[in-house]
Every structure is written in C-alpha cells, then in structure tokens.
Amino acid sequence: MLYLVRMDVNIPADMPAEELARLQAAEREYSQSLQLDGRFKHLWRVAGEYANYSVFEVSGNDELHELLSGLPMFRYITAHVTPLATHPNAVQR
Ligand SMILES: O=C(O)C[C@H]1C=CC(=O)O1
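Here the residue numbering is sequential within each chain, running from 1 through the sequence in written order. It should be noted that, the model being predicted, local features are given only for residues of pLDDT at least 70 and side-chain atom pairs only at 80 or more, the latter also being counted only at that level, while totals for whole chains, interfaces and linings use all residues.

A. Up close: the site of the ligand. In the vicinity of the ligand, the residues found are Met7, Val9, Glu27, Ser31, Leu43, Asn52, Leu71 and Met73. When contributions to the shell around the ligand are tallied by element, the ones reaching two or more residues are β1 (2–9) and α1 (17–36). Charged residues are taken to be Asp, Glu, Lys and Arg, nonpolar residues to be Ala, Val, Leu, Ile, Met, Phe, Trp, Tyr, Cys and Pro, and polar residues to be all remaining types, Gly included. The residue makeup of the shell around the ligand, split by class, is five nonpolar, two polar and one charged. Placing a C-beta atom from the backbone of each residue, we mark the residue near a molecule or strand if the atom is within 6 Å of it. Each helix corresponds to a stretch of at least 4 residues labelled H or I by DSSP, and each strand to a stretch of at least 2 residues labelled E; elements are numbered beginning at the N terminus.

B. The UniProt feature "domain: Muconolactone isomerase" (unreviewed entry) in the protein chain, seen in detail. UniProt positions are given in the numbering used here, feature names are shortened, and annotations may be inferred rather than shown by experiment. The feature "domain: Muconolactone isomerase" (unreviewed entry), as given by UniProt, occupies residues 1–89 in the numbering adopted here. Taken end to end, residues 1–89 is 33% helix and 33% strand, and its two terminal C-alpha atoms sit 19 Å from one another.

C. Spatial organisation of the sheet that holds strand β3 (residues 51–57). Only strands joined by at least two bridges in the DSSP assignment are considered to pair. Ordered in space as β2-β3-β1-β4, the four strands form an open sheet in which the pairing is antiparallel. Of all the strands in the sheet, the pair left with one neighbour each is β2 (40–45) and β4 (77–84). The mean inter-strand angle of the sheet, taken between neighbouring strand axes irrespective of direction, is 15 degrees. Sheet topology places β1 next to β4; eight bridges connect them, and they run antiparallel. Whenever a helix is involved, its axis is fitted only over the stretch in contact; in every case the axis is a line through C-alpha atoms, and angles between N-to-C directions fall within 0 to 180 degrees.

D. Broad picture of the nonpolar core. Here, a nonpolar core denotes buried Ala, Val, Leu, Ile, Met, Phe, Trp, Tyr and Cys residues that are linked to one another through C-beta atoms within 7 Å. Buried residues are those with 20 or more other C-beta atoms within 10 Å of their own C-beta, exposed residues have 12 or fewer, and partly exposed residues lie in between; C-beta atoms are placed from the backbone. Counting residues in each nonpolar core, the largest one holds eight residues, listed as Tyr3, Val5, Met7, Phe40, Phe56, Leu64, Leu67 and Ile77. Mapped onto this core, the elements with two or more residues apiece are β1 and α2 (61–69). When residues of this core are assigned to their parent elements, the largest contribution, three residues, is made by β1. Not counting residues up to four positions away in its chain, the partners in contact with Ile77 are Met7, Asp8, Val9 and Leu71. For the purpose of contact definition, each residue receives a C-beta atom placed from its backbone, and two residues are in contact when these atoms lie within 7 Å.

E. The arrangement of α1 in detail. Its 20 residues give α1 an end-to-end C-alpha distance of 28 Å, which sits within 8% of 28 Å, the value for a rise of 1.5 Å per residue. Counting buried positions over the 20 residues of α1 gives zero, only a small fraction of the element. At the C-terminal side of α1, Gly38 shows a positive phi close to 95 degrees. Helix span is expected to be 1.5 Å times the residue number reduced by one.

F. Broad picture of the pairing of β2. Where β2 meets β3, five bridges bridge the pair, whose relative direction is antiparallel. The residue bridging His42 from the neighbouring strand is Val55, located in β3. Taking the residues between adjacent antiparallel strands as the criterion, β2 and β3 are bridged by five residues, where Gly48 takes a positive phi near 80 degrees.

G. Structural detail: the environment of Ser59. With respect to the helices and strands, Ser59 occurs in the loop between β3 and α2. On the neighbour-count criterion, Ser59 (10 C-beta atoms within 10 Å) is exposed. Considered as a pair, Ser59 and Met1 are 58 residues apart in the sequence and their alpha carbons are 5.6 Å apart.

This is how it looks when you write it as structure tokens:
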C-alpha cells in the first residue's frame, strides 16, 4: 500500500545544539536506510517549513506505524497519514 505522510517537526527551542546534531544524524541514517530498501519512496521538504511530505510503500498500517515510530525524531513529529488508492485516469508509466 502507498501512503502520503506529512510530517511537521517541532524541536524544543532549548535542545542543546549537540543533541540536535546527534538526532539529525540518526534521522538521516535511518531515513536513508528505508529509502535504499525501497519502502521510503519520496522525501520532499515543504518550502519554508520544518516539515516534509513523504511517500511510503509498505504492506499496510502496521508496517507504516512501525517505520514512523522508529524515526529517531518521532517524539518531535506530528504525522498526518493519507492512504493512497489508484486513480482510474492515471497514465501507467
Ligand atoms: O523532515 C525532517 O527533517 C524529518 C525527517 C523525516 C525523515 C527524514 O529524513 O527527516
């Protein structure tokens, strides 16, 4: 199944810079491992916001939840999940 996920990231203003750098490095490593194994299909920054739109291809809700809750930044992320279905007018490429 395909899911569109908007993630809004809210890092506490008082988080020490070293802790933030460690968190961002862990996030990159985890995120890129999912991109490389093919389950994290797209990752786009929302221009001007600390937010992203992501597309995941996974077996279903449980696997999506497992991946999202594994994000090192999960506790600082508000995620809005939209399941995607096939549009009948979409040109198959
Ligand atoms: O948008 C962000 O920076 C948070 C995040 C979620 C996946 C990822 O690689 O970074």
